[in-house]
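# Residue-level structural notes
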Amino acid sequence: MGLGRARHQKPGQPGRVGCGKGEACAAAARDEARLASQNCEGLGRDDLLQQALSRENMAAAWKRVKANRGSAGVDGLSIEQTREYLKTHWPRIRSELLCGAYRPQAVRRVEIPKPMGGMRELGIPTVIDRMIQQALLQVLQPLIDPTFSQFSYGFRPGRSAHDAVRQAQRYAQEGFRVVVDIDLEKFFDRVNHDILMDRLAKRIADKAVLRLIRRYLQAGIMAGGVMLERAEGTPQGGPLSPLMANVLLDEVDQSLQRRGHRFARYADDCNVYVRSQQAGERVLRTLKSLYAKLHLRVNEDKTEVGSVFGRKFLGYCLRRSSGDTVKIAVAPKALDSFRQRIRLITSRAGGRSMTQVAEKLREYVPGWKAYFRLAQTPWTLRMLEQWLRRRLRALQLRQWRTGPATYRGLRRLGATQELALKVAAAAGRWWRCSLSDVHHVLNVAHFDRLGVPRLT
């Protein structure tokens, strides 16, 4: 199949069966005649690999990978270069996949900074392998996802981190105000391949798909030009990794659910809500035992049992309000991260114009605001917005630099002569002046005209 033609095929409806949302096809059509060479041993009764490699499903997978605009893998091929490569090489790759001869390439290891400090390791597969993984995901997710616990929210169609936070709020409102906050030590690096494949084999029957997934798990890592073998772990960065994580951790979810515990899990972030400290300690011991069976370790330094109020969960925290109600707020660490990012964007030593600064803010602030839209503490957002505008005023005064330039700039914006002279006389004390009556000129309407996004 040449992807040049395939991309014009109409993709199937994404999402779980009957859901209509998400990223996995509800039913992949088998639109190609089976060749004699495709009748390979071990395809399994469900023939999932044939479904994954169907023209419609592959076209949808390519469209998704292209939309994600990821970087090149170890082969150095960009998305456009890969598209040209597949025009002539896809028939061979497809044949190798069907007959079990395909070997995934190593993933490229990169490090990205965490919001709160430190580095996070990502593994970037080649564009071809990302496309194949996405095609598998679109077929496997509708089959596997309905078997997961209803209290698992991470990387599932129609579910989000917001759902997990709302569930936590409901538990606290019902009186479960002690939380067992579990942190798994390097979870994605410690996934046991044999245990994962055993749990996966209980859900799907196609041996060819199982064999291909194991090869993806065992694909090497290219780090600093050196090829490293991988005996455990599933690197973050591939489309299949989140599904594999849910397959492994669902065993713990089901055990908690059978015991009647109230919990919410998003990927490897799991919180269990109980009524007392003593009950929390018992649950923690149970969880350590359950995770040990999966060869996973609990991070003792970050795992705690304590009050639900003020504890960070997915960037949010819960606050006690009047009338003993529970409200959702932005966690202090997330607020610190926001301020740190804004300081970088509005740095007075950045050498950027106000137009450029406004553009950078438009790239960051709307996404942050959308994620934290659940916050029920509007005064926090108002304070952040006022602080942001003060930094922009100080930046504008810094760019005018001298008294005469400050005077001319303020007069152009409609300031009175008295105000312009007063601020110009204090040129050089930008942060102090940013809190003066200059806010009547460098006001909300002024920053709206520049395109600075609002938080409230």
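What comes next is a walk through the structure. Just so it is clear, the model here is predicted, and its values are computed rather than measured.

### With respect to the overall build of the protein chain
A tally of helices and strands in the protein chain yields 17 helices and ten strands. Classification of the 456 residues of the protein chain by burial places 51% in the buried group. Here the protein chain displays about 22000 Å² of accessible surface, and carbon together with sulfur accounts for 49% of that area.

### So, the packing of aromatic side chains
Two aromatic rings are characterised by how far apart their centres lie and by the angle between their planes. Under the criterion given, the structure shown has ten aromatic pairs. Here the aromatic rings of F151 and F263 are separated by 5.4 Å at their centres, their planes lie at 65 degrees, and the arrangement is edge-to-face. Of this pair, F151 sits in the loop between α5 (127-144) and α6 (161-173) while F263 sits in strand β6 (residues 262-266); the two residues are 112 residues apart in sequence, bridging distant segments of the chain. Exposure class is identical for F151 and F263. Each is buried. A centroid spacing of 5.1 Å and a plane angle of 55 degrees characterise the contact between Y316 and F372, whose relative ring orientation is tilted.

### Remarks on the packing of helix α3 (residues 55-68) against α5
Where α3 contacts α5, the axes come no closer than 8 Å and their chain directions differ by 120 degrees. One way to sum up the angle between α3 and α5 is to call them oblique. Read as a crossing pair, α3 and α5 show a hand that is right-handed. Residue-level contacts link N57, M58, A60, A61, W62, R64 and V65 of α3 to V127, R130, M131, Q134, A135, Q138 and V139 of α5. Here the contact of α3 with α5 is composed, by residue class, of nine nonpolar, three polar and two charged.

### So, the sheet that holds strand β7 (residues 269-274)
The four strands lie next to each other as β6-β7-β3-β8, forming an open sheet whose pairing is antiparallel. Of all the strands in the sheet, the pair left with one neighbour each is β6 and β8 (304-307). Each strand of the sheet is rotated relative to its neighbour by a mean of 20 degrees, with strand direction disregarded. Two strands pair when backbone bridges link them, and strand β3 (residues 178-183) and β7 are joined in this way by six bridges, in the antiparallel orientation. Across the sheet, the residue bridging to I182 is C270, located in β7. Those strands touched by α6 are β6 and β7, and its axis lies near 160 degrees from that of β6.

### Re unusual backbone geometry
Most peptide bonds are trans, and most residues other than glycine sit at a negative phi. Phi is positive for A267, which is not a glycine, with a value near 55 degrees. With respect to the element layout, A267 can be found in the loop between β6 and β7. A relative accessible area of 9% means that A267 is categorised as buried. Despite not being glycine, D324 has its phi angle at roughly 60 degrees, a positive value. Residue position: D324 is located in the loop between β9 (316-320) and β10 (326-330). Assessed through its relative accessible area of 39%, D324 is described here as partly exposed.

### Quick word on the side chain of R389
Secondary-structure assignment places R389 in helix α13 (residues 378-400). Setting aside chain neighbours within four positions, we find R389 in contact with V444 and F447.

### Observations concerning the side chain of N299
Along the chain, N299 falls in the loop between α10 (277-293) and β8. If we ignore the near neighbours within four places in the chain, the residues touching N299 are D183, L184 and E185.

### Some remarks on the nonpolar core
Membership of the largest hydrophobic core comes to 128 residues, with the highest contact counts inside it found for L136, Y291 and W368. For this core, the element with the most residues is α5, which contributes ten residues. Residue contacts for W368: discarding those within four places in its chain leaves V330, A334, L335, F338, L381, L384 and L455.

### Here we look at α6
For α6, spanning 13 residues, the distance from its first C-alpha to its last is 19 Å, which sits close to the expected 18 Å at 1.5 Å a residue. Within α6, burial applies to A161, H162, A164, V165, Q167, A168, Q169, Y171 and A172. Summarising the contacts, the buried residues of α6 are in contact with β6, β7, β9, β10 and α12 (354-371). You can read the cap of α6 off the contacts: a side-chain oxygen lies 3.3 Å from the backbone nitrogen of H162, and it is on S160. The first or second residue beyond α6 is G175, which carries a positive phi of 110 degrees.

### Topic: the packing of helix α11 (residues 332-345) against α13
Here α11 crosses α13 at 15 degrees, and the two axes come no closer than 11 Å. By the angle between their directions, the pair α11 and α13 is classed as roughly parallel. With respect to the hand of their crossing, α11 and α13 are arranged in right-handed fashion. Residue-level contacts link L335, F338, R339, I342 and R343 of α11 to T380, L384, W387, L388 and R391 of α13. Partitioning the contact of α11 with α13 into residue classes produces six nonpolar, one polar and three charged.

### Looking at the pattern of salt bridges
If charged atoms from side chains of opposite charge come close, those side chains can pair. Under the defined criterion, the tally for this structure stands at 21 salt bridges. Across the salt bridge formed by R199 and E251, the nearest N and O atoms sit 2.4 Å from each other. Of this pair, R199 sits in helix α7 (residues 193-201) while E251 sits in helix α9 (residues 241-258), placing them 52 residues apart in sequence. Close ionic contact of D448 with R454 constitutes a salt bridge, the shortest N to O distance being 2.5 Å. By sharing partners, the salt bridges in this structure join E80, R83, E84 and K87 into a single network.

### Some remarks on the environment of A61
By secondary structure assignment, the location of A61 is in helix α3. Judged by its relative accessible area of 0%, A61 falls in the buried class. Here the alpha-carbon distance between A61 and M131, two residues 70 residues apart in the chain, equals 5.7 Å. Excluding residues that lie within four positions of it along the chain, A61 makes contacts with M131, Q134, A135 and Q138.

What counts and what doesn't
Residues numbered from 1 in each chain as written. Predicted model: local features only at pLDDT ≥ 70, side-chain atom pairs only at ≥ 80, totals over all residues. Heavy atoms only, no water. Helix = DSSP H or I, 4+ residues; strand = E, 2+ residues; numbered from the N terminus. Buried < 20%, exposed > 50% of the residue type's maximum accessible area, 1.4 Å probe, protein only. Areas by Shrake-Rupley, 256 points an atom, 1.4 Å probe, with all protein chains shown as cover. Phe/Tyr/Trp six-rings, centres within 6.5 Å; stacked < 30°, edge-to-face > 60°. Axes fitted to C-alpha atoms, helices over the stretch in contact; angles between N-to-C directions. Parallel < 35°, antiparallel > 145°, perpendicular 65-115°, else oblique. Left-handed = near helix turned anticlockwise from the far one by under 90°. Contact = heavy atoms within 4.5 Å. Nonpolar A, V, L, I, M, F, W, Y, C, P; charged D, E, K, R; others polar. Pairing = 2+ DSSP bridges. Core = buried A, V, L, I, M, F, W, Y, C linked by side-chain atoms within 4.5 Å. Expected span 1.5 Å × (residues − 1). Polar contact = N/O pair within 3.5 Å; in protein donor to acceptor, adjacent residues only side chain to side chain. Salt bridge = Lys/Arg side-chain N within 4 Å of Asp/Glu carboxyl O.

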